[in-house]
Amino acid sequence: MSIPYLISALSSPPLGHLVDRVGKRAKIAAASSALLFVVHLTMALSSIPPVLPMVGQGVAYSLYASVLWPSVPLTVPRRLTGTAFGVITSLQNVGLALFPLAVAGIYRSGGGRYVPGVELFFASCAAVGVAVGVAMNMLDMRQGGRLNGVASEGERGDDGEEEVISFDREKDGDFVAVDEDEYFSPLT
């Protein structure tokens, strides 16, 4: 049972770095849900050992976390960033509280068997995630591609040095380019 969490712990930093470099947050979010769908269908409908699907589950968790949290500052005004993180964390905790109850009910109604009922439940949740991911990508395309773009892109200035351009929001909510020194970061 610890395989997905170990994989996630080890792969999250490099995957987060990759997302910083390539963007594609909405696409990766949809892909991570699709991977979870395949993982849970595999565990529900096949007799292969669960180790490989659990590795896939860990990779999917890492991908999703690597795109979810960095997307918040790109999608909400700076003054609401803390609120947005709070809402996401609250929803996550509601899920962590309610899903075990749903799983226990499915397990009990399945005669004390975890497979296939619980895995099909998780596969259906992942299918909803894929649908939300597709909708998110369509909305992102209409809104200018902020989630699938790269938050900081290097350009060459007149002196040949790489100039970093970061994005910030104006008062009306539109993004504008600002110097890296002006860009707000909780890490600085």
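So, how was this worked out
Residues numbered from 1 in each chain as written. Predicted model: local features only at pLDDT ≥ 70, side-chain atom pairs only at ≥ 80, totals over all residues. Heavy atoms only, no water. Helix = DSSP H or I, 4+ residues; strand = E, 2+ residues; numbered from the N terminus. Buried < 20%, exposed > 50% of the residue type's maximum accessible area, 1.4 Å probe, protein only. Contact = heavy atoms within 4.5 Å. Areas by Shrake-Rupley, 256 points an atom, 1.4 Å probe, with all protein chains shown as cover. Core = buried A, V, L, I, M, F, W, Y, C linked by side-chain atoms within 4.5 Å. 1 Å grid on protein atoms, 1.4 Å probe; cavity = no way out; pocket = protein on both sides within 12 Å on 5 of 7 lines; lining within 4 Å. Points joined across faces, edges and corners; volume = space filled by probe spheres on them. Phe/Tyr/Trp six-rings, centres within 6.5 Å; stacked < 30°, edge-to-face > 60°. Axes fitted to C-alpha atoms, helices over the stretch in contact; angles between N-to-C directions. Left-handed = near helix turned anticlockwise from the far one by under 90°. Nonpolar A, V, L, I, M, F, W, Y, C, P; charged D, E, K, R; others polar.

(A) Expanded view of the overall build of the protein chain. Looking only at helices and strands, one finds 5 helices and 3 strands in the protein chain. Moving toward the C terminus, one meets the helices and strands of the protein chain in the order α-α-α-α-α-β-β-β. Evaluated residue by residue, the protein chain yields a buried proportion of 27% over its 188 residues. Sequence-distant contacts in the protein chain: of pairs separated by 6 or more residues, those separated by 24 or more amount to 56%. Put simply, the protein chain shows about 11800 Å² of open surface, and 65% of that area lies on carbon and sulfur atoms.

(B) Quick peek at the nonpolar core. L15, V19, I28, A29, L63 and V67 together form the largest nonpolar core, which totals 6 residues. Among the secondary structure elements, those contributing two or more residues to this core are α1 (3–22), α2 (25–45) and α3 (51–75). Not counting residues up to four positions away in its chain, the partners in contact with I28 are V19, G23, L63 and V67.

(C) Looking closely at the layout of surface pockets. There is about 1900 Å³ of room inside the largest pocket. In terms of lining residues, the largest pocket is bounded by 48 residues, among which L36, Y61, Y64, Q92 and F99 are the most central. Elements supplying a minimum of two residues to the lining of the largest pocket: α1, α2, α3, α4 (81–109) and α5 (117–142). It is α3 that provides the largest number of residues to the lining of the largest pocket, a total of 12 residues.

(D) Region of interest: the packing of aromatic side chains. A full pass over the atoms with the stated rule returns 4 aromatic pairs. Arranged with centres 5.9 Å apart and planes meeting at 20°, the rings of W69 and F85 form a pair that is stacked. Here W69 is found in helix α3, whereas its partner F85 is found in helix α4, with 16 residues between them in sequence. Looking at W69, the relative accessible area reads 28%, which means it is partly exposed. Aromatic pair F121 and F122: ring centres 5.6 Å apart, planes at 45°, arrangement tilted. Taken together through their ring pairs, the aromatic side chains of F99, F121 and F122 make up a single cluster.

(E) Highlighting the packing of α3 against α4. One way to put it is that α3 packs onto α4 with a least axis distance of 9 Å and a crossing angle of 150°. Note that α3 runs across α4; the crossing there is right-handed. Contacts between α3 and α4 pair L68, W69, V72 and P73 from the former with T81, A84, F85, I88, T89 and Q92 from the latter. Residue composition of the contact of α3 with α4, grouped by class: 7 nonpolar, 3 polar and no charged.

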